[in-house]
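Here are the chains, one letter per residue:
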Amino acid sequence: MEYAIVKAKAVVAGREVSDYARQALLSAEVAGHENPGKDLPSYRLSVGEFARILILKSTVTAAVTPEQMKLFKDFGVEVRNIGINLNRLAKAVNAGDPKDYAAEIRKALEDLSRIKDDFMKKLLKDDGDD
């Protein structure tokens with residue numbers, strides 16, 4: 001049960017379980033505790049028990065690389081541009097413009113799907129390279 005909790009926290013942080021545990025143990029600041037042992041029982045704990053409790057109580061943030069940040073920004077720009085185009089098409093349709101915009105709307109939605117797929121492939125490729 002405890003391993004499942006730590007594994008879930010690692011997934012949320014975008015880290016391997018071992019990296020998550022290492023960060024929790026090595027950095028009280030990263031773990032979210034200024035004094036990691038302050039809220040632990042007052043009796044003497046073994047190093048292993050102390051580590052287990054600290055890892056379970058810790059919150060480690062996701063590590064985002066500069067390449068991933070650029071990928072997120074580029075994706076955001078592309079999605080924004082498609083959104084602007086879709087908004088323009090929706091305004092024209094709602095204004096009663098007699099032109100058939102179905103093909104343009106379909107293309108914009110296909111573009112959106114394509115850039116999402118490209119984004120995910122690049123993001124997963126970056127994660128696998130570590």
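Nothing here was measured: the structure is a model prediction, and the numbers come from that model.

**Focus: the overall build of the protein**
Next, step 1: Of regular secondary structure, the protein possesses six helices and zero strands.
Next, step 2: Reading the secondary structure of the protein in the N-to-C direction produces α-α-α-α-α-α.
Next, step 3: In the protein, buried positions account for 23% of the 130 residues.
Next, step 4: For the protein, the proportion of contacts with a sequence separation of at least 24, taken over those separated by at least 6, is 62%.
Next, step 5: For the protein, the exposed area adds up to about 9400 Å²; of that, 58% sits on carbon and sulfur atoms.

**Comments concerning the confidence of the model for the protein**
Next, step 1: Averaged over every residue, the pLDDT of the protein is 77; the share at 70 or more is 78%.
Next, step 2: By mean pLDDT, helix H3 (residues 28-31) is the weakest element of the protein at 40, and helix H5 (residues 66-94) is the strongest at 88.
Next, step 3: With pLDDT under 50 throughout, residues 28-33 is counted as low confidence; its partners more than four residues away or in other chains account for 14 contacts.

Conventions adopted
- Residues numbered from 1 in each chain as written.
- Predicted model: local features only at pLDDT ≥ 70, side-chain atom pairs only at ≥ 80, totals over all residues.
- Heavy atoms only, no water.
- Helix = DSSP H or I, 4+ residues; strand = E, 2+ residues; numbered from the N terminus.
- Buried < 20%, exposed > 50% of the residue type's maximum accessible area, 1.4 Å probe, protein only.
- Contact = heavy atoms within 4.5 Å.
- Areas by Shrake-Rupley, 256 points an atom, 1.4 Å probe, with all protein chains shown as cover.
- pLDDT = per-residue confidence, 0-100.

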